[in-house]
Amino acid sequence: MGLFLGPALLLLLLMDILPLLCSLALSFTHFNPIIDTDAAFAGLKNYSGLFTGERHEVWRSFLRTGALIVAAVGLETVLGFTLALLMRRRFRGQGWLTTALLIPMMLSPAIMGSFWRYVFNTDYGLWNWIFNVRWSWDGAQPRAFLAVLLAEVWMWTPFMMLISLAALNGIPKVLYESARVDRAGRWFRFRHITLPLAAPLVALGMVFRTVDTFKVFDTAMVLNGNFEEQPTTFVSVLLHAKAFAGSHSLGESSALAYLMLAVSVGMAAATAYALKAVREKRA
Amino acid sequence: MPGANRLIAWGSVFILLVFSGCNREAGRNGSALYILWADWEPARTLQALAEEYTRETGVEVKVVRKSWDGAFTEAAFTEFRNRDDNYDIIIGDSQWLGLGVVGGHYLELTDWMPAHIPMEDIVPQALLWYSEWPQGSRRYFAIPCQADAMGWVYRRDLFESETHRRAFAGFLEQRGIPDFPLGVPQTWEQLEWIAAYFQDKVPGMHGIAMPTSRKYDMITMSYEQLLWAFGGDFGDYRRNRATFQSPEAVEALQFFNDLLKSSSPGGRNLGFGDVTAQMLSGRVAMACNFFAFFPALVNPATNPDYYDKLGFFNAPAHVDRNGVKRRATSLGGQGMSVNAHISPARQARAKAFMQWFSSRDIQQKWALKGGISANQEVLQSPDFLTALPYNSLFEEAFGLMKDFWSTPEFGALLEVTQREICAAIQRDKAPLDAVKAIQTEHERILHERRWKL
Amino acid sequence: MKRRAFTWATLPAILVAVMMLSPVLWMLLTSFKLPPDTVAMPPRFLPGDMAPENSFWFRGTLGNYRHVFGDGDSVGPILNSLWVAFWATLVSLLTGSMAGYALSRFAFRGVHFVQWLILGTRLLPPLAVAVPVSFLFSRVGLQDTRFGLILLYSALNLSLSTWMMKGFFDEVPRAFEEAAFIDGYTRLEAFFKVVLPQVIPGLTATSVLGFLGAWNEYAFALTLTSIDAVTLPVRVHAISADSSSVTWGPLAAAALVSILPPVLFTFFTRRYLLRGITLGTVKE
């Protein structure tokens, strides 16, 4: 049995546990490797610095990330569920449609993001021309946030749609038939059969999307760079900025990384709970 | 899957795999010289030029290119941070000199240079800005590689057309401005009026395009030429004191903000490449960019519609209230440094290349191919002056150039100016507040510095 | 339910598909344009002869593709991505299958812990690990090597592989191995010769997702590669950031080449992908 688990655990140890321990150590130091050759011990200053920095960039980045999660997951769910309702019935060409819808999810966010920069260009981008506006999508404009939001929703609404489809198809048809026999109206059927029974799986999908959206980096980085105060500076982007740009401070960025981890662990617990609930319900 | 299909599928996978495994790019070539530079035309020119070196000496030269919007800085600083020896030569930006010296990343060349480089032929300002650090110490850590400054390009065909000239005269009369002809602007105010004319009166056209991006140093570079023309300054570089806050700095920032009203909707967030794009599209009358980016504009392959309709000029002057006329241009350009973390044998090899590069003949070839030499003889040779339409501007530009801070903290200092100037230009922060913020932060950064030379 | 030819849902469905794919279509068009046509306003949609001002015509060219394949700067990254993705997928498939098998078959104290440990790494933000990994890699000389990337990507894919394969193994009745034991096979032999063949669809789906994960990865590749091991997403972004001239055309060309494998794989394995994305809870 050890043979079976061994390689996996070894890989994890090397690539995840070890770096995390190293990061923990670094988070207690002052270390700008470009100028300093040694790390200087700094106690808890990095951690307290996260919360008391005068520009509040850490707090703001968490707020922004939270806003993105709420907006993106919300839109993806609503749109995805609506689309699923539309496409419940089988029709010709459904296979092609599924493929077409799966494709955005399978693309590299960094590569698509590079291209979104072109579509969202203020002066000659396709979007501005189609909607006949002169909106500015990048830099410090609040609309830069929207650009990332749009890119995310474009990429992941199909995911929620497919989850919703699976959820809807899992509802036993008999319930609908007996409801029809009882002359229950469409809205009644929707509210009392469709929604409650589809909810667990859709909720699971939302949990997955939440966890993934928290990690967002590629799209934001490629669209707007890694600066500390942009509307697109989400937690990952801020982390990258602290570690690899500006002040190059390994200590500060490691401390932020641990903060991020703490939040992720919280979300992991939520995932576990949701997964368990869904598995039990479906069993 | 039927047998034949399966065979084909696995066969192609196998072939692809072998092919990618044998990728030439992977794996270091121990005997090659690796040079790190930005991803732009001069780097490609250097690679082409270096092929001659390879023919002469057999040493392969690889110029590794990284983009200006952050990848170049990150690559260099990662190299510094890890004290790595991936690159033999680093063609670092002029502002990185202090960082390279204090961090021990650039090899000192003070004793080597007089013996191997024709220093008396090099323009003194080039040595000052690209090679010497700290300034005035007569210690050298790089040889000038690419001299560069910000210049201006304009649509000569539009400026020379009778229709526009008359319309422009009418435009000025309408606004009650003393008349001046539609041509190369002599002052910043004239530039502003010309830009306003094209922006307001010519449908489909905008007045100017300048680098205004938050990335790297773009907007600061554009602002600098105004700051100095209006009489302001960043600080006393020799004494490491920040003297930025002044009425002139505020005035210059306000002027910059107003000037940008004559740019396209995206004009407040343009990168170097975006400025080129604007000129290519033909929708802008004047643009400001580093000379190193101009080759793309005069090349029919990349600019098929307008390559022969352009003119060039150096930044205009500004006359202040007391009648003092000031004129400055933002310095660009890079010096070639030896990576201090490589072995002595590799250091010697790198120096040999740099000696070859600095020789008169090679500098001539470098200049004729589109690189910008710092060798005075080359700059004055008739071949050079006629090779490209803007080459004759360099002599003047050298006299006007000034640089940003080059201390080891320049990164933090630059981050502040980038952030605040962007806030003023892109988010309507009051110029006075932005200037004050920069002054406060700069004072703090310079006060906190922990290194000693 | 009978398959109908067209329902009222077909039209919106087609509309949605078109909207989803329109960026990709625009990418296709852009890849054939000359620099001035990519920045023209209004945008140009149809290939034709020299465009007068304000028209929809653009000049078609293959120059962008020649640029991508010809000047060598993008060929290297394509090959690097292929190499790294292949090996990372293989390693994570192997280790993940074995781990998934163990989790499926063995009950031992701490099995839940191990399970959640492995799953937990999927929830790990890549950036949180990128800084120390870059630091450590440079110390041991793995910075900018394909081998380093392969190691890292294998670890990243591990949780997905393990979780998915566990789900597939759960569906294989123990009777198979028990029959093999009676015949004298060891556990290891039984695994490779009897059980694995039962889960080939699972292996396929897992490897596709693993390959795509490695192919599309950007955050780590950005920090860990510089010259030799540069992968495609990093290269494509570098093309878009090239400030010496207008590069939207070459960007589109390179991007299209990058999305070819994902599109192909999606088409051939769509039935199993959903299951993988949702960590095995949704079986369609």
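Being a predicted model, the structure only gives us computed values, none of them experimental.

## Topic: the domain arrangement of chain B
All names here are of chain B. With domains assigned, chain B is organised as domain 1 (3–148 + 333–391) and domain 2 (150–330 + 408–448). With 22 residues of domain 1 at the contact, the number on the domain 2 side is 18 residues. Summed over both partners, the interface of domain 1 with domain 2 buries about 1800 Å², with 71% contributed by carbon and sulfur atoms. Among the residues domain 1 hides against domain 2, the three largest losses belong to Q95, D148 and Y390. Together they make up 35% of the total. Our enumeration of links across domain 1 and domain 2 arrives at 0 salt bridges. Summed over the shared surface of domain 1 and domain 2, the number is 5 residue pairs in polar contact (both at pLDDT 80 or more). For the side of domain 1 that touches domain 2, the secondary-structure elements that each account for two or more residues are α3 (71–81), α4 (97–102) and β4 (143–155). Ranked by residue count, the leading element in the side of domain 1 that touches domain 2 is α4, at 3 residues.

## Looking at helix α5 (residues 109–119) of chain A
The buried fraction of α5 of chain A is high, at 10 of 11 residues. Along α5 of chain A, the residues classified as buried are A110, I111, M112, G113, S114, F115, W116, R117, Y118 and V119 of chain A.

## Things to note about a nonpolar patch on the surface
Nonpolar side chains collect at one region of the surface, where L9, L10, L13, L14, I17, L18, L21 and L24 of chain A together with F113 and L117 of chain C lie side by side and expose about 870 Å² of accessible area between them. Counting only elements with at least two residues in the nonpolar patch, the list comes to α1 (2–26) of chain A together with α5 (111–120) of chain C. For the nonpolar patch, the element with the highest residue contribution is α1 of chain A, accounting for 8 residues. Residue placement: L21 of chain A occurs in helix α1. Residue L21 of chain A is classed as exposed on the basis of its relative accessible area of 52%.

## Here's the deal with the interface of chain C and chain A
The interface of chain C with chain A comprises 98 residues on the first partner and 88 residues on the second. Carbon and sulfur atoms supply 81% of the area buried between chain C and chain A, which totals about 8600 Å² over both sides. One can count 0 salt bridges joining chain C with chain A. Counting across the interface, chain C meets chain A through 5 residue pairs in polar contact (both at pLDDT 80 or more). In terms of residue count, the dominant contributor to the side of chain C that touches chain A is helix α13 (residues 248–277) of chain C (14 residues). Grouping the constituent residues of the side of chain C that touches chain A by class yields 75 nonpolar, 17 polar and 6 charged.

## Section: the interface of chain B and chain A
Contacts between the two partners involve 27 residues from chain B and, on the opposite side, 25 residues from chain A. Taking both partners together, chain B and chain A bury about 2400 Å²; carbon and sulfur atoms supply 49% of that area. On the surface where chain B and chain A come into contact, there are 3 residue pairs in polar contact (both at pLDDT 80 or more). Only α3, α12 (272–281) and α19 (410–426) of chain B provide two or more residues apiece to the side of chain B that touches chain A.

## Re the domain arrangement of chain C
All names here are of chain C. For chain C, the domain assignment lists domain 1 (23–61) and domain 2 (74–278). Facing 8 residues of domain 1, the contacting portion of domain 2 comprises 8 residues. Buried area between domain 1 and domain 2, summed over both chains or domains, comes out near 650 Å², and the portion from carbon and sulfur atoms is 85%. For the interface between domain 1 and domain 2, the tally reads 0 salt bridges. In this assembly, domain 1 and domain 2 are joined by 0 residue pairs in polar contact (both at pLDDT 80 or more).

## Some details on the pairing of strand β8 (residues 284–290) of chain B
Residues and elements named next belong to chain B. Of all 7 residues making up β8, 7 are buried, and the element is well covered by its neighbours. Pairing between β4 and β8: 5 bridges, direction antiparallel. Within the sheet, the bridge partner assigned to G151 lies in β8 and is N289. As judged from the 3 bridges shared by strand β5 (residues 206–209) and β8, these two strands associate in the parallel manner.

## Here we look at the environment of P344 of chain B
Relative to the helices and strands, P344 of chain B resides in helix α14 (residues 344–358). Distance from P344 of chain B to P185 of chain B, taken between C-alpha atoms, is 52 Å for residues 159 residues apart in sequence.

The rules behind each value
- Residues numbered from 1 in each chain as written.
- Chains lettered and ligands numbered in written order.
- Predicted model: local features only at pLDDT ≥ 70, side-chain atom pairs only at ≥ 80, totals over all residues.
- Heavy atoms only, no water.
- Domains from an automatic or database assignment.
- Contact = heavy atoms within 4.5 Å.
- Buried area = accessible area lost by both parts, 1.4 Å probe.
- Salt bridge = Lys/Arg side-chain N within 4 Å of Asp/Glu carboxyl O.
- Polar contact = N/O pair within 3.5 Å; in protein donor to acceptor, adjacent residues only side chain to side chain.
- Helix = DSSP H or I, 4+ residues; strand = E, 2+ residues; numbered from the N terminus.
- Buried < 20%, exposed > 50% of the residue type's maximum accessible area, 1.4 Å probe, protein only.
- Patch = residues over 30% accessible without salt bridge, like charges linked within 9 Å, V, L, I, M, F, W, Y side chains within 5 Å.
- Areas by Shrake-Rupley, 256 points an atom, 1.4 Å probe, with all protein chains shown as cover.
- Nonpolar A, V, L, I, M, F, W, Y, C, P; charged D, E, K, R; others polar.
- Pairing = 2+ DSSP bridges.

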